[in-house]
Amino acid sequence: MSIALKQVFNKDKTFRPKRKFEPGTQRFELHKKAQVSLSSGVDLRAAVALPHGEDLNDWVAMHVVDFFNRINLIYGTVCEFCTEKSCPVMSGGPRYEYRWQDDHKYKKPTALPAPKYMNLLMDWIEVQINNEDIFPTSMGIPFPKNFTQICKKIICRLFRVFVHVYIHHFDRMILMGAEAHVNTCYKHFYYFSTELNLIDRKELEPLRPTGLVSSRG
């Protein structure tokens, strides 16, 4: 990342605290390998493929946490412009509206202002990735049987952050000169999610017109 982009994407603008990989863990080593591949300029399609001999769940877990950190950072740069007045509904343009639902306060899909939706979304993801029963960090502790389904839900909801940022706040990214970085992050997210079938193709429709990815994926 260039010095200019580091000034844009600084830790003070992170929407939520980053989740770090503990040194010495398998996920930490996987993350280092993945970052080396990305920084070497390798094709993003190749970068998301499961490395030979590695555990699929560990690979998915590492990426889910990494995408949470990256998207958290991206939204953090525009969150001051994403207000209940500017974004009274969490949406991706007039055709796509996202309603929040959880197992607590919002048991039915509920329309919410974008910043409130984002807060609930990031809180919810933090709970999942910090739960050792779902994202175990110690060797020998198995992943739950529904791990893939949980990750699919996280990926689906993180994608909606991209949609909202692209449709409603991308002008800010352009003004900051950060659009290339955001585009690369999105393409990485897209290729990983589709390569491992972690997102329904219908969910991807809001960003088809951007031309960031082909209709064939």
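I will try to describe carefully the structure that is included in this document. (Residues numbered from 1 in each chain as written. Predicted model: local features only at pLDDT ≥ 70, side-chain atom pairs only at ≥ 80, totals over all residues. Heavy atoms only, no water.)

Regarding the pattern of salt bridges
Next up, step 1: Taken as a whole and judged by the stated rule, the model has three salt bridges.
Next up, step 2: The closest approach of N and O atoms between arginine 70 and aspartate 66, which form a salt bridge, is 2.8 Å. Of this pair, arginine 70 and aspartate 66 both sit in helix H4 (residues 56-78), four residues apart, roughly one helical turn.
Next up, step 3: By relative accessible area, arginine 70 is classed as partly exposed at 23%. (Salt bridge = Lys/Arg side-chain N within 4 Å of Asp/Glu carboxyl O. Helix = DSSP H or I, 4+ residues; strand = E, 2+ residues; numbered from the N terminus. Buried < 20%, exposed > 50% of the residue type's maximum accessible area, 1.4 Å probe, protein only.)

Some remarks on the packing of H4 against helix H6 (residues 147-168)
Next up, step 1: Across the interface, H4 lies against H6 with an axial gap of 10 Å and an inter-helix angle of 25°. It follows from the interaxial angle that H4 and H6 lie roughly parallel. Handedness of the H4/H6 crossing: left-handed. Residues Asn57, Val60, Ala61, Val64, Phe67, Phe68, Ile71, Ile74, Tyr75 and Val78 of H4 pack against Phe147, Thr148, Cys151, Ile154, Ile155, Leu158, Val161, Phe162 and Val165 of H6.
Next up, step 2: Taken together, the residues of the contact of H4 with H6 break down into 17 nonpolar, two polar and no charged. (Axes fitted to C-alpha atoms, helices over the stretch in contact; angles between N-to-C directions. Parallel < 35°, antiparallel > 145°, perpendicular 65-115°, else oblique. Left-handed = near helix turned anticlockwise from the far one by under 90°. Contact = heavy atoms within 4.5 Å. Nonpolar A, V, L, I, M, F, W, Y, C, P; charged D, E, K, R; others polar.)

As for the packing of H4 against helix H8 (residues 179-195)
Next up, step 1: Between H4 and H8, the shortest axis-to-axis distance is 11 Å and the interhelical angle comes to 155°. Regarding the angle of H4 to H8, the classification is roughly antiparallel. Helix-helix and strand crossings are classified by hand; for H4 and H8 the assignment is left-handed. On H8, the residues touching Trp59, Val60, His63, Phe67, Arg70, Ile71 and Ile74 of H4 are Val182, Cys185, His188, Phe189 and Phe192.
Next up, step 2: Here the contact of H4 with H8 is composed, by residue class, of nine nonpolar, two polar and one charged.

A few points about unusual backbone geometry
Next up, step 1: The backbone of asparagine 197 shows a phi angle near 55°, a positive value even though the residue is not glycine.
Next up, step 2: As for its position among the elements, asparagine 197 is in the segment after H8.

Limitation: the analysis is restricted to geometry and does not speak to function.
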